[in-house]
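# Structural characterization, general
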Amino acid sequence: ENQPKVTEVEEFLPHGAEKKQTHFTDFEGKTSFGMSVFNLSNAIMGSGILGLAYAMANTGILLFLFLLTTVALLSSYSIHLLLKSSGIVGIRAYEQLGYRAFGTPGKLAAAIAITLQNIGAMSSYLYIVKSELPLVIQTFLALEEKTTDWYLNGNYLVILVSVTIILPLALMKQLGYLGYASGFSLSCMVFFLISVIYKKFQIPCPLPERISNNTGNLNYTLISTSSYQNEHTTVQATEEGICSSSLFTLKSQTAYTIPIMAFAFVCHPEVLPIYTELKNPTKKKMQCISNISITVMYVMYFLAALFGYLTFYGQVESELLHTYSRVDALDVLILCVRVAVLIAVTLTVPIVLFPVRRAIQQMLFPEKDFSWIRHIIIAFLLLTSINLLVIFAPSILGIFGLIGATSAPCLIFIFPAIFYIRIMPKDKEPMKSLPKILASLFACLGVLFMIMSLSFIIIDWMSGGLKSGGSH
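Quick caveat: nothing in here was measured; it's all calculated off a predicted structure. (Residues numbered from 1 in each chain as written. Predicted model: local features only at pLDDT ≥ 70, side-chain atom pairs only at ≥ 80, totals over all residues. Heavy atoms only, no water.)

### Let's talk about the overall build of the protein chain
What the protein chain contains, in helices and strands, is 19 helices and 0 strands. A buried classification covers 56% of the 472 residues belonging to the protein chain. For the protein chain, restricting intrachain contacts to residue pairs at least 6 apart in sequence, the fraction spanning at least 24 positions comes to 83%. Put simply, the protein chain shows about 20,500 Å² of open surface, and 68% of that area lies on carbon and sulfur atoms. (Helix = DSSP H or I, 4+ residues; strand = E, 2+ residues; numbered from the N terminus. Buried < 20%, exposed > 50% of the residue type's maximum accessible area, 1.4 Å probe, protein only. Contact = heavy atoms within 4.5 Å. Areas by Shrake-Rupley, 256 points an atom, 1.4 Å probe, with all protein chains shown as cover.)

Encoded structure:
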């Protein structure tokens, strides 16, 4: 009868001792399965969701669905490669995998890509704060359009939000506690999605000729809404012309679609820290968390893009929420959605800041122990530089496009594949084995993807496409 108890104790003690040797951070994982799904979903879910309706308008529904499915499956496969590599060497940080595969250059490449990717993500979140918060305040105070008070200036508001909300959260020592913020921010995005679906059945198409409301001077005309359209597509201001969806479209703005999607699925730098903080971590459990998160986001992304697109068709802007203000600036539901999205993106910034700070620590102070002063200074400098970027960047589309075309393919395709090829011992899997051939193809796909996206975007910029289809 006593036998099982004895084995339990025996089993437990070595396991405890083993844990002491192998854990790679200064604390053991305490985060539950559900909370990890929240954290990872939140790392995936970002401002990308606001750009997807615009992406669909430029690809058509079927092509969009095909591309979205492809990017989601590839994301899942690349997390599989990352987990397999980290399982072999027992490393739970992306940059350390790079170091193990290629020494210092590998570590620096990974750290730079993570830094760029996450700075881009944080900039895009704060860009939303900059463009949406003034509208919210203006609506709440029922102010005239033309007031120039400082509290309606997006640039001041971004700084204010960064200092009062984001910085304190970014100074926490562990990611796990941000799980509650993740859960909340995800529910805000679900609310956004439900509202987008609901609004599809509320908003007439084409948009009414002129809507004026009690702020007196908010007049919108159809001509202005379609004039931002790319010059290559002529839009007849008729119901058939504006209010028809297409299943398959190719135009110069299509160049942004894949980068926007890649940008919308990058969560790879956060996978390993979330794995580290998982209670009783196993590779299978973490892959399961990743697959659930990716699937949930895939469904949300597709629905948000589809209903956003079917509401405005060709008139949808690169930032979906902005498009609604053309219909009725005082719509209570859209106002609530704006507030929800603002809260969601604000709470996501600290979660995204963690891997960047870790990457910077890995680059500059690899051997040093944790120091509060350094922890605080890096967070402060990061937020300052991102604020400057947001204040001076001309368009959110530029941020999505460039980062989606450079660091995203590195983090999703190229690095997981080449790290895996280098780390997986040749005696276990020779170069000619199927997993390594697949990984090599995967890396090539990433390079191809990067060259293609960048060249498309540069061509689009040179032809002035960004000015016509960008932000407003």
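### Brief notes about a nonpolar patch on the surface
A surface patch of nonpolar side chains, amounting to about 460 Å² of accessible area, comprises L62, L247, F248 and L250. Examined against the element boundaries, L247 turns out to sit in the loop between helix 9 (239-242) and helix 10 (257-265). (Patch = residues over 30% accessible without salt bridge, like charges linked within 9 Å, V, L, I, M, F, W, Y side chains within 5 Å. Salt bridge = Lys/Arg side-chain N within 4 Å of Asp/Glu carboxyl O.)

### Regarding the side chain of N118
Within the element layout of this structure, N118 appears in helix 5 (residues 94-140). Under the relative-accessibility criterion, N118 is labelled buried at 4%. Residues contacting N118, with those up to four places away along its chain left out, are P269, E270, V352, P355 and V356.

### With respect to the packing of helix 2 (residues 33-44) against helix 12 (residues 283-312)
Interaxial distance between helix 2 and helix 12 falls to 9 Å at its minimum, and their mutual angle equals 50 degrees. When the interaxial angle is binned, helix 2 and helix 12 end up oblique. Both helix 2 and helix 12 take part in a crossing whose hand is right-handed. Residue-level inspection shows F33, S36, V37, L40, S41 and I44 of helix 2 in contact with helix 12, the latter providing K285, M286, C288, I289, S290, I292, S293, I294, M297 and Y301. The class makeup of the residues in the contact of helix 2 with helix 12 is 11 nonpolar, 4 polar and 1 charged. (Axes fitted to C-alpha atoms, helices over the stretch in contact; angles between N-to-C directions. Parallel < 35°, antiparallel > 145°, perpendicular 65-115°, else oblique. Left-handed = near helix turned anticlockwise from the far one by under 90°. Nonpolar A, V, L, I, M, F, W, Y, C, P; charged D, E, K, R; others polar.)

### Describing the side chain of S124
Tracing the backbone through its elements, the reader meets S124 in helix 5. Polar side-chain contacts of S124 include one of 2.7 Å to the backbone oxygen of A121. (Polar contact = N/O pair within 3.5 Å; in protein donor to acceptor, adjacent residues only side chain to side chain.)

### Focus: unusual backbone geometry
The backbone of N280 sits at a positive phi, close to 45 degrees, despite the residue not being glycine. For N280, the location among the structural elements is in the loop between helix 11 (268-276) and helix 12.

### Some remarks on helix 4 (residues 61-89)
Between its terminal C-alpha atoms helix 4 stretches 42 Å, which fits the 42 Å expected from 29 residues at 1.5 Å a residue. Phi turns positive one or two residues past the end of helix 4, at G90, with a value near 65 degrees. (Expected span 1.5 Å × (residues − 1).)

### Quick word on the nonpolar core
Grouped together as the largest cluster of nonpolar side chains are 135 residues, with contacts concentrated most on F192 and Y301. At 16 residues, the largest contribution of residues to this core is made by helix 5. Not counting residues within four places of it along the chain, the set of residues in contact with F192 comprises I49, L50, A304, L320, L321, V337 and V341. (Core = buried A, V, L, I, M, F, W, Y, C linked by side-chain atoms within 4.5 Å.)

### Overview of the packing of helix 14 (residues 332-364) against helix 15 (residues 372-392)
One can describe the packing of helix 14 onto helix 15 by two numbers: an axis separation of 10 Å at closest approach and a directional angle of 115 degrees. The handedness of the crossing between helix 14 and helix 15 is right-handed. From helix 14, V349, L353, V356, R357, I360 and Q361 reach across to helix 15, where they touch R374, H375, I378, A379, L382 and L383. Residue composition of the contact of helix 14 with helix 15, by class: 8 nonpolar, 2 polar and 2 charged.

### Some points on the pattern of salt bridges
Applying the stated criterion to the full structure yields 3 salt bridges. Here K84 and E429 are joined by a salt bridge, their closest N and O atoms 3.3 Å apart. One end of the pair, K84, is in helix 4; the other, E429, is in the loop between helix 17 (407-423) and helix 18 (434-462), with 345 residues separating them in the sequence. The exposure classification of K84 matches that of E429, with both residues buried. One salt bridge connects E95 with R358, and the closest N-O pair in it is separated by 3.5 Å.

### Looking at the packing of aromatic side chains
Overall, the coordinates contain 12 aromatic pairs when judged by the stated rule. With a centroid separation of 5.9 Å and an interplanar angle of 65 degrees, the aromatic rings of Y309 and Y313 are classed as edge-to-face. Of the two residues, Y309 and Y313, neither departs from the other in class, the shared state being buried. One cation-aromatic arrangement involves R357 over F354; the distance from NZ or CZ to the ring centre is 4.9 Å. Over the face of the ring belonging to F365 we find R374, whose NZ or CZ atom lies 4.8 Å from the ring centre. (Phe/Tyr/Trp six-rings, centres within 6.5 Å; stacked < 30°, edge-to-face > 60°. Lys NZ or Arg CZ within 6 Å of the ring centre and 35° of its normal.)

### Comments concerning the environment of V316
Mapped onto the elements, V316 comes out in the loop between helix 12 and helix 13 (320-324). Taking the C-alpha atoms as reference points, V316 and G51, separated by 265 residues in sequence, lie 9.5 Å from one another.

### Examining helix 14
A rise of 1.5 Å per residue sets the reference length of helix 14, with its 33 residues, at 48 Å; its end C-alpha atoms lie 48 Å apart and thus fit the reference within 8%. If you look at helix 14, its biggest bend is around 25 degrees, right at L353, and the proline P355 turns up within four residues after that. Here helix 14 lies mainly inside the structure; 25 of its 33 residues are buried. (Bend = angle between axes of the 7 residues up to and from the residue.)

### Description of the environment of V271
Within the element layout of this structure, V271 appears in helix 11. Among the residues examined, V271 registers a relative accessible area of 0% and is labelled buried. Taking the C-alpha atoms as reference points, V271 and R92, 179 residues apart in sequence, are found 8.8 Å from one another. Setting aside anything within four residues of it in sequence, one finds V271 in contact with L40, I79, L83 and M286.

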